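# Coordinates in review
Read off the chains here:
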Amino acid sequence: MRELSPAQRHKARILAERAAADAQPGGATHGSAYEMMLYKLASDRRTLGNIQSVTRKIELKAKLLPEYQDWIDAVLSAGKGGQDDVFTALLVWHIDCGEYARAVEMARYAIGHQLTLPDQFNRDIPTMLLDEFSMAYSHGKLAEDPAQAVEILGRVQQLTEHCDAPDQARAKLFKAAAYAMLAVLDQDGRELLTASQLPQAEAAHQLMERALTLFPGVGVKQVMDRLRTRILKVVPD
């Protein structure tokens with residue numbers, strides 16, 4: 001996509017805000033600006049479809065995402081909750097590319113307005129968030145920064161707390177959040193927990209208990225039992 005001049009970007013932003021503001025809650029988004037974004041997204045998807053490597057797909061998505069940010073900003077600032085397949089598809093792309101804070105910002109809007117994913121996705125947004133963020137920690141970049149992971153996973157947990165979703169998906173998010181807390185606790189390499197670490201250790205244990213209750217096969221039993229032993233041996237700071 002060719003780079004727009006400042007004047008063209010301003011015009012595009014105004015048109016995007018108008019399209020977002022005109023779409024009524026629960027209704028469809030319309031307008032030439034939205035049609036152009038749908039066309040661009042379809043074109044970019046075709047390009048991605050010709051790439052077999054998952055790594056290369058993610059690299060390309062990361063290069064493409066800046067071209068959509070004005071549209072996303074317009075929806076977040078002016079949107080009233082109209083269904084927007086561009087916005088919701090890009091929510092998934094942000095998680096794929098490790099743009100977790102931006103994804104959570106978009107997720108809050110999407111859940112708050114009960115948006116849906118485009119037809120090619122077979123899940124609703126709360127289930128997708130539970131699945132993708134737990135995967136981002138267990139197999140993605142989120143685990144690289146445990147403190148960020150605790151914050152991000154906690155925000156996803158809050159966003160989806162009152163949403164209907166499969167127990168297994170929710171259990172996996174609880175597991176990821178608990179493991180992120182443990183990673184923070186274990187950053188100093190010490191086996192013994194101190195009194196100041198006890199609240200976070202207890203919170204991690206409770207999350208694993210909740211995960212195990214929802215899905216017995218979640219795979220936290222040994223870690224949970226070991227953590228309980230560490231909690232009982234807590235030492236003063």
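Each remark here, short or long, concerns the structure printed above.
## Looking at the packing of aromatic side chains
- Tallied over the full model, the rule gives four aromatic pairs.
- Pairing Tyr68 with Trp93 gives two aromatic rings, centres 6.0 Å apart and planes at 85°, and the pair type is edge-to-face. Pair noted here: Tyr68 is in the loop between α3 (54-64) and α4 (69-78) and Trp93 is in helix α5 (residues 85-96), with a separation of 25 residues, a long-range link.
- A relative accessible area of 0% places Tyr68 in the buried class.

## Some details on the nonpolar core
- Grouped together as the largest cluster of nonpolar side chains are 71 residues, with contacts concentrated most on Phe133 and Leu153.
- Aside from chain neighbours lying at most four places away, what touches Leu153 is Phe133, Tyr137, Leu142, Leu173, Ala176, Ala177 and Ala180.

## So, the layout of surface pockets
- In this model, the second largest pocket occupies a volume close to 320 Å³.
- When contributions to the lining of the second largest pocket are tallied by element, the ones reaching two or more residues are α3, α5 and α7 (125-139).
- Of the residues belonging to the lining of the second largest pocket, the class tally is eight nonpolar, two polar and six charged.

## A look at the pattern of salt bridges
- This structure, assessed with the given rule, holds 14 salt bridges.
- Between Arg102 and Glu105 there is a salt bridge; the shortest N-O distance is 3.1 Å. A residue pair is termed a helical-turn pair when its members lie 3 or 4 positions apart in one helix, as Arg102 and Glu105 do in helix α6 (residues 100-112) at three residues.
- Using a relative accessible area of 17% as the deciding quantity, one classes Arg102 as buried.
- Classification of Glu105 as partly exposed rests on a relative accessible area of 35%.
- Linking Glu191 and Arg230 is a salt bridge whose minimum nitrogen-to-oxygen distance equals 3.6 Å. Taken together, the positions of Glu191 in the loop between α9 (167-185) and α10 (198-214) and Arg230 in helix α11 (residues 221-232) put the pair 39 residues apart, joining distant regions of the chain.
- Here the residues in one salt-bridge network are Asp186, Glu191, Arg226 and Arg230, joined through shared partners.

The rules we used
Residues numbered from 1 in each chain as written. Predicted model: local features only at pLDDT ≥ 70, side-chain atom pairs only at ≥ 80, totals over all residues. Heavy atoms only, no water. Phe/Tyr/Trp six-rings, centres within 6.5 Å; stacked < 30°, edge-to-face > 60°. Helix = DSSP H or I, 4+ residues; strand = E, 2+ residues; numbered from the N terminus. Buried < 20%, exposed > 50% of the residue type's maximum accessible area, 1.4 Å probe, protein only. Core = buried A, V, L, I, M, F, W, Y, C linked by side-chain atoms within 4.5 Å. Contact = heavy atoms within 4.5 Å. 1 Å grid on protein atoms, 1.4 Å probe; cavity = no way out; pocket = protein on both sides within 12 Å on 5 of 7 lines; lining within 4 Å. Points joined across faces, edges and corners; volume = space filled by probe spheres on them. Nonpolar A, V, L, I, M, F, W, Y, C, P; charged D, E, K, R; others polar. Salt bridge = Lys/Arg side-chain N within 4 Å of Asp/Glu carboxyl O.

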